[in-house]
There are 2 protein chains.
Amino acid sequence: MDHIEIIGFTAAFLTTAAFLPQVYKTWNTKDVSGLSLPMLSMFLIGIILWLIYAFYIHSPSMIAANVITIGSSFLLIYFKIKYNKR
Amino acid sequence: MDHIEIIGFTAAFLTTAAFLPQVYKTWNTKDVSGLSLPMLSMFLIGIILWLIYAFYIHSPSMIAANVITIGSSFLLIYFKIKYNKR
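Residues numbered from 1 in each chain as written. Chains lettered and ligands numbered in written order. Predicted model: local features only at pLDDT ≥ 70, side-chain atom pairs only at ≥ 80, totals over all residues. Heavy atoms only, no water.

Colleague: How do you make sense of the relation of the copies chain A and chain B when you look at a structure like this?
Modeller: Relating one copy of the chain to the other requires a rotation about an axis plus a shift along that axis. Between chain A and chain B, which share one sequence, the superposing operator has a rotation angle of 180° and an axial displacement of 0.0 Å; the RMSD is 0.0 Å. Between the two chains, the operation in question is that of a two-fold axis. With an isologous cut-off of 70% or more, the 100% of interface residues of chain A that recur at the interface of chain B puts this contact in the isologous class. (Least-squares fit on C-alpha atoms with pLDDT ≥ 70 in both. Contact = heavy atoms within 4.5 Å.)

This is the structure:
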C-alpha cells in the first residue's frame, strides 16, 4: 500500500469514528431536536459528491471514509424523520 | 479547471457549509454540553491528516475543504474549553 494511503486510512478512521457517538446518542436518546434536516441533507449530498471525486481519483481511503460517512448521515436522517413525529 | 474539481468544490461547499450552523449555534447559545472534547480533538487530527493527504495528491478542492473544516473544528474546541468552565 502507498505511504500516503496509510495517512488517508488513519484520517478516515479518525473522522468517521468521531461521528459514531452522535449516531449512538441520537439512537439512544431519540432526541433529534438538535438535528436539522436541511443541513443533514446538504451534508449527505456533499459526501456523495466526495465519493464520486474519490472514485475518480482512485483513492481507496477516501472511498472508505465517504461510504462510512454516507451510512452515518443516512442513519441520522432516518432517525430525524422517524423520531420527529413523536 | 479540471471537471472533477468542480465536483470537488461543490462537495467542499456543501460539507463545510453544513458545519457552520453548529459553530453559530454554539457561539450563540454558549451551550457546549453536547460537545465532546475527545471527539472534537480526534476529528481535528483526522482533518489535519486529510489536509496532508490533499496536499500530497495536489487536490485544490480537498485542501480548501479541509482548511475551512480545521477552522470550524478549532472554533468548536475553543468554545468547548472557554464555556465549559462556566
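Now that the structure has been shown, we can carry on.
Colleague: Just to check I follow, could you spell out the nonpolar core for this structure?
Modeller: Nonpolar side chains tend toward joint burial in soluble globular proteins. Ranked by internal contacts, the top residues of the largest apolar core, which has 52 residues, are W50, Y53 and M62 of chain A together with W50, Y53 and M62 of chain B. Among the secondary structure elements, those contributing two or more residues to this core are α1 (3-17), α3 (37-56) and α4 (60-84) of chain A together with α1 (3-17), α3 (37-56) and α4 (60-84) of chain B. What M62 of chain B contacts, discounting residues up to four positions off in sequence, is W50, Y53 and M62 of chain A together with W50, Y53, A54 and I57 of chain B. (Core = buried A, V, L, I, M, F, W, Y, C linked by side-chain atoms within 4.5 Å. Buried < 20%, exposed > 50% of the residue type's maximum accessible area, 1.4 Å probe, protein only. Helix = DSSP H or I, 4+ residues; strand = E, 2+ residues; numbered from the N terminus.)

Colleague: How do you make sense of the side chain of S73 of chain A when you look at a structure like this?
Modeller: All names here are of chain A. Structurally, S73 is set in helix α4. Among the polar contacts listed, one links the side chain of S73 to the backbone oxygen of T69, at a separation of 2.7 Å. Those residues in contact with S73, other than ones at most four positions away along the chain, are F43 and L44. (Polar contact = N/O pair within 3.5 Å; in protein donor to acceptor, adjacent residues only side chain to side chain.)

Colleague: I would appreciate a short explanation of the environment of N66 of chain B in the present structure.
Modeller: Residues and elements named next belong to chain B. Structurally, the position occupied by N66 is in helix α4. Relative accessible area serves as the criterion here: at 7%, N66 is assigned to the buried category. Along the chain, N66 and L49 lie 17 residues apart, while their C-alpha atoms are 9.3 Å from each other. In this structure the side chain of N66 is engaged in a polar contact, spanning 2.8 Å, whose partner is the backbone oxygen of M62.

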